[in-house]
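Inside the fold
These are the residues of each chain, in order.
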Amino acid sequence: MECSGENPASDPQPESAPDEEFGTLKYQLLGPSLTKAGQDSVDQQKVSEIIYNASKGSKFFNHEQERDRNLTLKTERIVKEKARLERLDLNSELRRADEYLAELELSRDLSQHVIHVDCDAFFAAVEELDRPELKTVPMAVGKGVLTTCNYLARKFGVRSGMASFVAKKLCPQLVLLPQNYDKYTAKAKEVRAIMAEYDPLFESASIDEAYLNITAYCNENNLEPDEVVRRMRAEILETTKVSVSAGIAANAKVAKIASNLNKPNGQFQVPNEREAIIEFMRDLSVRKVNGIGRVFERELESIGVKKCGDIFPHRALLTKLFGEKAFQFLAQCYLGLGRTKIEPIETHERKSVSTETTFHDIGDKEELRAKLWWAAQELEKDLARTQFKGRTLALKVKLHTFEVLTRQTAPSRAVSLAKDLYYFALPMLAKLEKDIPNMKLRLLGLRCSNLVSTQKVGINFFGVVTPKPATEPTPVSASGVDTDHEICAEEAFEAAARQEIQDEMNDLEQLSQETPAVSVARRPEASADPEVVEAPPMWDCPICTRPQIADDRIFNEHVDFCLSRQTIREVVQDTSEETPLIPHNSRKRKMASQAGIPETDPKQKRLFFQ
DNA sequence: GCGGATCAC
DNA sequence: TATGGTGATCCGC
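The name given to chain A in an unreviewed UniProt entry is DNA polymerase kappa, and the organism recorded there is Penicillium egyptiacum. Turning to chain A, the UniProt annotation filed under Sequence similarities (unreviewed entry) states: "Belongs to the DNA polymerase type-Y family."

Structure follows, in structure tokens:
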């Protein structure tokens, strides 16, 4: 599986190269999925030339170039630091590393059979089922950026994550299909139903990947792991018509690596023996390990670590060069250790909910507020679906130069409604506008973290819904059979989500009857196209002068907020040349006058974007 | 706790 | 002409 073309250092320079960074830059431009299967017969040299020329001069290219420069500088620092460390006495570091390796060795568990199952070119395969004629042509799924492509397309150097216009340069006859996520989800459900027969507590790693612990199945049926996997793959192919590849090993990490070795439609087993595992890892490129990406690969390469076997002779340096976590991770790579505990994804708690959208470069402030309002509405929907509120709200922007910035805040209470998300995010956006002259964005997103559950129904471990007090007992899942667990859980979640959306809509209806302004601001019929988003009606805040959602409660709360926050008062000073308005609420007017704001006509609130 | 960065899919 | 969205984790400060 070694592929010498992957080595950035061996990538010859083009004759016209003005400096030495193009080797690594071209490698970077090849994209993150270089190690994917189906690339063996590809002339990487030619491919990288085409990608390079297609990208050259673009803002994206310039940003990649900048990142490449920085990484090169970083690797140079690492090399120097390594040389410095090697002049010191490393015995204590060496001892510490060996102690850790010995400790890890004690934890080695060879009693389990873990498999990683991966659908081959999943989205493309599902599309081919609907349109068999696509099997004979190079084809990819995805619009601006490809999410998947079939193996015919890979022969041309086309890969997932590649911009579609670049893919078209590599393969002009490439057929591009829009992505149909619902279709893939339905097919994934069929595949999972079969996997559940082999391990009812299997773990979905993504829509097209899963980990299973088949130890019990092997014992109960008196079968060897490779035979079990052969049967399972055959059953999946027979029943669902999609082919899968699998890795079989003593733990998840090695199984994941192994599943890539005989793709497509193949399997690979690493025996549950210490020597065999260590030998397997020894010649394995570190890049094949899940968690080591293009950056870490280059950093490791700079100190001479290309294969997992190279980790051992460098063990005394790793903590100092890359940190304790990285050392521990690499130690596990060297020994071929990983987790054997496989558990359903429902058991692991979510840490954040987010949304983001890319658009044409926007510098106009009102347009940006419209995008923010769109993001707030999207996030509200996702928070309702997942039944969370956030105690922390983060704004993410990508400048037209592709530079990414994030700003976060802890609202006074957990938030989940679009107007609240907008209200707390807007000051962060405004501050960025103030700090960055002529700020132009190509992406804007919102993320809630520090989540608080708003779940009204309990779902226990086996996916059974605990009915709400005043409602009918839910009909979900009459079957107590283990093999149904995944599907039951899914249905339970869907039912819960539907109920929650219904509740939410009822609340909304009530709210809109009480305060008409809210129903105007929370226009639920927002356009489906983020490029033509409707902006909310806005009033200017009299304190900070920034536009706020035109809702009495929100507006008054905002003014309270402005009056109470020192940081906002600073903004008032900054914008003192503009005459702020006085709130129409008498209490607010009094507070404003105490804050030294001159009184003006309260009717002077105006609507933005209209 | 915040912001930047990396990684996977 | 033109390079995605969601979620997680780690590091340095």
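1. Some details on helix H14 (residues 315-322)
In terms of residue burial, H14 counts as a mostly covered element, since seven of its eight residues are buried. What H14 keeps buried is the set Arg315, Ala316, Leu317, Leu318, Thr319, Leu321 and Phe322. Check the buried side of H14 and you find it contacts helix H3 (59-86), helix H4 (91-106), helix H13 (294-302) and helix H15 (324-335).

2. Some thoughts on the protein's contact with DNA strand C
For DNA strand C, the set of nearby residues contains 18 residues, the closest of which are Ser55, Arg350, Ser354, Thr358 and Arg442. One of the side-chain nitrogen or oxygen atoms of Ser55 is found 2.3 Å away from a base oxygen of DNA strand C. Note that a phosphate oxygen of DNA strand C is positioned 2.6 Å from one of the backbone N or O atoms of Ser354. Elements with a minimum of two residues in the surface near DNA strand C: strand E9 (352-362) and strand E12 (441-453). Sort the elements by how many residues they give to the surface near DNA strand C and E9 lands first, with seven residues.

3. Here we look at the pattern of salt bridges
Where charged atoms from two side chains of opposite charge approach closely, those side chains can pair. As enumerated under the stated definition, the model contains 32 salt bridges in all. Close ionic contact of Arg274 with Glu275 constitutes a salt bridge, the shortest N to O distance being 3.0 Å. Arg274 gets classed as partly exposed once you look at its relative accessible area, which sits at 33%. Residue classification places Glu275 among the exposed positions, given a relative accessible area of 53%. If you follow the salt bridges from partner to partner, you end up with Glu105, Arg108, Arg274 and Glu275 in one network.

4. Describing the protein's contact with DNA strand B
Taken together, 16 residues are adjacent to DNA strand B, and Lys256, Gly291, Phe296, Thr406 and Gln408 come closest. Protein-proximal atoms of DNA strand B, defined as those within 4 Å of the protein, fall in sugar or phosphate at a share of 100%. Ser206 has a polar side-chain atom sitting 3.1 Å from a sugar or linking oxygen of DNA strand B. Between DNA strand B and Glu209 there is a distance of 3.4 Å, counted from a sugar or linking oxygen to a side-chain nitrogen or oxygen. Sorting the residues of the surface near DNA strand B by element identifies H13 and strand E11 (404-409) as the ones contributing at least two each. When residues in the surface near DNA strand B are grouped by element, the largest group, four residues, is from E11. By residue class, the composition of the surface near DNA strand B is five nonpolar, six polar and five charged.

5. Remarks on the side chain of Asp199
Within the secondary structure, Asp199 sits in the loop between helix H8 (181-198) and strand E5 (203-206). Of the side chains with opposite charge, Arg339 lies nearest to the buried Asp199, which makes no salt bridge, at 9.7 Å. From its side chain, Asp199 meets the backbone nitrogen of Leu201 in a polar contact 2.9 Å long. Ignoring any residue separated from it by four or fewer positions in sequence, one finds Asp199 in contact with Leu212, Asn213 and Ile342.

6. Examining the pairing of E12
Two elements, E9 and E12, share eight bridges in a ladder whose sense is antiparallel. For Glu356, the partnering residue across the bridge sits in E12 and is Gly445. Across 11 bridges, strand E10 (residues 388-399) lies against E12 in antiparallel orientation. Opposite Lys398, over in E12, you have Leu443 as the bridge partner.

7. A word on the sheet that holds strand E6 (residues 209-213)
Spatially, the five strands line up as an open sheet ordered E5-E6-E1-E7-E8, and their pairing is mixed. Each of the sheet's edge strands pairs with one partner strand only, and the pair in question is E5 and strand E8 (267-269). Neighbour to neighbour, the strand axes of the sheet diverge by 15 degrees on average, direction disregarded. As defined by bridge partners, strand E1 (residues 114-119) adjoins strand E7 (residues 244-249) across six bridges and the pair is classed as antiparallel. The residue bridging Asp118 from the neighbouring strand is Ser245, located in E7. Taken strand by strand, H8 contacts E1, E5 and E6, and its axis lies near 15 degrees from that of E6. Sheet contacts for helix H11 (residues 252-259): E1, E6, E7 and E8; angle to E7, the most-contacted strand, approximately 140 degrees.

What counts and how
- Residues numbered from 1 in each chain as written.
- Chains lettered and ligands numbered in written order.
- Predicted model: local features only at pLDDT ≥ 70, side-chain atom pairs only at ≥ 80, totals over all residues.
- Heavy atoms only, no water.
- UniProt positions renumbered as here; feature names shortened; annotations may be inferred.
- Buried < 20%, exposed > 50% of the residue type's maximum accessible area, 1.4 Å probe, protein only.
- Helix = DSSP H or I, 4+ residues; strand = E, 2+ residues; numbered from the N terminus.
- Contact = heavy atoms within 4.5 Å.
- Near = heavy atom within 4 Å.
- Polar contact = N/O pair within 3.5 Å; in protein donor to acceptor, adjacent residues only side chain to side chain.
- Salt bridge = Lys/Arg side-chain N within 4 Å of Asp/Glu carboxyl O.
- Nonpolar A, V, L, I, M, F, W, Y, C, P; charged D, E, K, R; others polar.
- Lys, Arg positive; Asp, Glu negative; His and termini not counted.
- Pairing = 2+ DSSP bridges.
- Axes fitted to C-alpha atoms, helices over the stretch in contact; angles between N-to-C directions.

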